[in-house]
Amino acid sequence: MMRHHDFVAAFAASLRDGVPPPGMTAGRPEETARRLAVYRNNVAVSLTEALRAHFPVVAQLVGDACFAALARLFAAGRLPPSPVLAEWGETFPAFLEGLPALADYPYLADVARIEHARLQAFHAADAPAIDPARLGEADPGRLRLGLHPSVTLLRLAHPAVSIWAAHQPGAARSPIPPGPETALILRERSLAISVRRLGPGDAALIGELRQGKPLLAAAAAARAADPAHDPRPCLLQLMTAGALVEGTVA
Amino acid sequence: MSGLPAAAGIGFKPVHFAALRAALGKDPAAIGFIEVHAETYMGEGGLLHAQLAALRQDLALSLHGIGLSIGGPDPLDRAHLARLRRLCDRYQPESFSEHLAWSSHGGGYLADLLPLPYTSETLGIVADHVDEVQQTLGRRMLLENPATYVLFEQSSIPEGEFLAAVAERTGCGLLLDLNNLFVSATNHRRDVDAMLAGFPLSLAEEIHLAGHAEESLPDGPLLIDNHASPVADPVWALLAEVVRRVGPLPTLIEWDNDVPDWPVLAAEAERATAILRSAGQPEGPAARTSREQPA
């Protein structure tokens, strides 16, 4: 008799090719393939819908039918490595980037990067925000601010933040500026996930903080990127969001 | 027993958080417990955990795994099992349950509950996996009967006997999904009363109810267990029959797709409550214990 290992391997193959594995049957054996199709459909729909839930703007941009085809192609090459589907889409942006058929949508991968970062922010660990008094009392030359685990900074080759924002419910129609953008994704104190477009100074400031640089050095890097940069509004926004956490004092 | 109250519970969805809290504010006994999918809560923090921690203050909790692949031939995913252990440690659920099914193969997750032949070989595999889960989690688990669309010539053990044998070997309890039982009976042209008679009812510690969709084959209906509609009348009748035979059990309304507004879900839970109370024992001792001492 077929061992269970071989049986499951044959069943898994049948989910791809629709040929029932040895021994699979039904009260009326001629119905077996039709019944196997229920499982084939369940697998395809579950994986497609999981991906669609995590990349809703990508799905809007390419349309439902195209997205379903992309999801099936993606799943065929890389099934989720674990049952935690929220972790599955990490390589989806690079997959989109590598598809010649999507050459006319060069920004799609960057939009997917934003959506993946939003999902990571949604599930990221909690961390207490820094006590605002610490900012006033510490030596800014030595103070290292931490960033909340939900914070992601993305330097994108395409105006993907503007595209993403234009596809949110109720977004006003406005022209998309060409050129690269930097995205800041984080979880607010309300636990909602925000996506902001950063100017070059703020992007440099947060990038340096992310590297663990002291506040003074980060502010200097921001001025190098934008000579008129004032770090205070950005720091205030981060603090309001609860995105600054205790770092280490050198 | 599982420690869940012998009352109606709901599969909790984040969209219902405020409505559920409001319902509990009006009537603390409106919902007896909640159940959540373990895999949904394997992130570290954020909204999902904030909600669950808040609800856990007032409600008994059932953690329901959908991805361990207990019926598969591969070794259980140790990293996944370790995360499950951490989740159990964090929330101390009154119950953990999983499925008699497989869902992963060769390191890839297929996102469906797939059936297996019932043989002496698969009985050994399933029992070993249940043992490993119980040892890793340091708690008993419940094993759920599947909804199936196909049969296997290899099967040599009836499903009810297979489940009873796993329970006998491992000490686990059973989760009786009455919609699954009805779907399988219909799909395999079997008498549902005979299917129920073949199920080891004395080992059932929780009941699941859900809706199904109906397709048609030349020979009759093909029911699809899709958790996207109200519980069907014949499944309610099965609940009444089970309650008549063994008394009230923790009974969950599962509605995972096309999730309805709260009042629709709450009405399903009320209907279950009415049937459970018809046995004349609205709350067993477990109910009072878990309300007074939420872990």
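Residues numbered from 1 in each chain as written. Chains lettered and ligands numbered in written order. Predicted model: local features only at pLDDT ≥ 70, side-chain atom pairs only at ≥ 80, totals over all residues. Heavy atoms only, no water.

## Re the sheet that holds strand E5 (residues 193-198) of chain A
Residue and element names in this part refer to chain A.
For step 1, the next point in the chain: Strand order in this open sheet of three strands is E3-E4-E5, and the pairing throughout is antiparallel. Only two strands of the sheet have a single neighbouring strand rather than two, namely strand E3 (152-156) and E5. Averaged over all adjacent pairs, the angle separating strand axes in this sheet is 20 degrees, with direction ignored.
For step 2, the next point in the chain: Sheet topology note: the E3/strand E4 (residues 181-187) ladder contains five bridges and is antiparallel. Bridging from a neighbouring strand, Leu153 pairs with Leu184 of E4.
For step 3, the next point in the chain: Contacts from helix H6 (residues 108-123) reach E3, E4 and E5, with the element oriented near 20 degrees to E4. (Pairing = 2+ DSSP bridges. Helix = DSSP H or I, 4+ residues; strand = E, 2+ residues; numbered from the N terminus. Axes fitted to C-alpha atoms, helices over the stretch in contact; angles between N-to-C directions. Contact = heavy atoms within 4.5 Å.)

## A few points about the pattern of salt bridges
For step 1, the next point in the chain: For the structure on display, the rule yields 24 salt bridges over all chains.
For step 2, the next point in the chain: Among the salt bridges present, the one from A:Arg35 reaches A:Glu31, with a minimum N-O distance of 3.0 Å.
For step 3, the next point in the chain: For B:Glu94, the salt bridge is made with B:Arg56, and the minimal N-O distance between the two is 3.0 Å. Of this pair, B:Glu94 sits in the loop between helix H3 (78-91) and strand E4 (95-99) while B:Arg56 sits in helix H2 (residues 47-56), and the two are 38 residues apart along the sequence. There is no split in this pair, since B:Glu94 and B:Arg56 are both buried.
For step 4, the next point in the chain: Through salt bridges with shared partners, a single ionic network connects A:Arg28, B:Arg189 and B:Asp219. (Salt bridge = Lys/Arg side-chain N within 4 Å of Asp/Glu carboxyl O. Buried < 20%, exposed > 50% of the residue type's maximum accessible area, 1.4 Å probe, protein only.)

## Side note on the sheet that holds strand E13 (residues 251-254) of chain B
Strand pairing in a sheet takes place through backbone hydrogen bonds and is either antiparallel or parallel in direction.
Residues and elements named next belong to chain B.
For step 1, the next point in the chain: Spatially, the eight strands close up into a barrel ordered E1-E2-E3-E4-E7-E9-E10-E13, and their pairing is parallel. Each strand of the sheet is rotated relative to its neighbour by a mean of 30 degrees, with strand direction disregarded.
For step 2, the next point in the chain: In this sheet, strand E10 (residues 204-210) lies alongside strand E9 (residues 173-177) in parallel orientation, the contact comprising four bridges. Bridging from a neighbouring strand, Leu174 pairs with Ala204 of E10.

## Description of the domain arrangement of chain A
How big an interface is tends to be stated in terms of accessible area lost as the parts join.
Residues and elements named next belong to chain A.
For step 1, the next point in the chain: Taken as a whole, chain A is organised into domain 1 (1-105) and domain 2 (107-250).
For step 2, the next point in the chain: Contacts between domain 1 and domain 2 engage 16 residues on the former and 15 residues on the latter.
For step 3, the next point in the chain: Taken together, the two surfaces of domain 1 and domain 2 that pack against each other cover about 1,500 Å², and 69% of this comes from carbon and sulfur.
For step 4, the next point in the chain: The largest share of the area that domain 1 buries against domain 2 comes from Val57, Leu61 and Tyr105, three residues that together contribute 36% of it.
For step 5, the next point in the chain: Counting every contact that joins domain 1 to domain 2 gives one salt bridge.
For step 6, the next point in the chain: When the shortest N-O distance is used, the salt bridge between Glu97 and Arg113 registers 2.8 Å.
For step 7, the next point in the chain: Going through the elements one at a time, helix H3 (56-62) and helix H5 (92-97) are the ones with two or more residues in the side of domain 1 that touches domain 2.
For step 8, the next point in the chain: Sort the elements by how many residues they give to the side of domain 1 that touches domain 2 and H3 lands first, with six residues.
For step 9, the next point in the chain: For the side of domain 1 that touches domain 2, the per-class residue count stands at 11 nonpolar, three polar and two charged. (Domains from an automatic or database assignment. Buried area = accessible area lost by both parts, 1.4 Å probe. Nonpolar A, V, L, I, M, F, W, Y, C, P; charged D, E, K, R; others polar.)

## Thoughts on the interface of chain B and chain A
For step 1, the next point in the chain: Counting from both sides, the interface comprises 51 residues of chain B and, opposite them, 44 residues of chain A.
For step 2, the next point in the chain: Here chain B meets chain A over a buried area of about 4,000 Å², counting both sides, of which 64% is carbon and sulfur.
For step 3, the next point in the chain: Looking only at chain B, the three residues that lose the most surface to chain A are B:Tyr109, B:Tyr149 and B:Gln154, adding up to 15% of its buried area.
For step 4, the next point in the chain: For A:Arg34, the salt bridge is made with B:Glu215, and the minimal N-O distance between the two is 2.3 Å.
For step 5, the next point in the chain: Taken together, the links from chain B to chain A amount to 17 residue pairs in polar contact (both at pLDDT 80 or more). (Polar contact = N/O pair within 3.5 Å; in protein donor to acceptor, adjacent residues only side chain to side chain.)

## Focus: unusual backbone geometry
For step 1, the next point in the chain: Its identity is not glycine, yet A:Leu191 carries a phi of approximately 80 degrees, on the positive side.
For step 2, the next point in the chain: Looking at where A:Leu191 falls in the secondary structure, it is placed in the loop between E4 and E5.
For step 3, the next point in the chain: Although it is not a glycine, B:Arg189 sits at a positive phi angle of roughly 55 degrees.
For step 4, the next point in the chain: Checked against the element boundaries, B:Arg189 lands in the loop between helix H6 (178-187) and helix H7 (192-197).
For step 5, the next point in the chain: What makes B:Arg189 partly exposed here is its relative accessible area of 32%.

## Examining the packing of helix H8 (residues 233-246) of chain B against helix H9 (residues 262-277) of chain B
Residues and elements named next belong to chain B.
For step 1, the next point in the chain: At their nearest, the axes of H8 and H9 sit 9 Å apart, and the two run at 30 degrees to each other. Crossing of H8 over H9 shows right-handed handedness. Between H8 and H9, the residues in contact are Asp233, Trp236, Leu239, Ala240 and Val243 and Glu268, Arg271, Ala272, Ile275 and Leu276, respectively.
For step 2, the next point in the chain: Each residue belonging to the contact of H8 with H9 can be placed in one class, and the counts come to seven nonpolar, no polar and three charged. (Left-handed = near helix turned anticlockwise from the far one by under 90°.)

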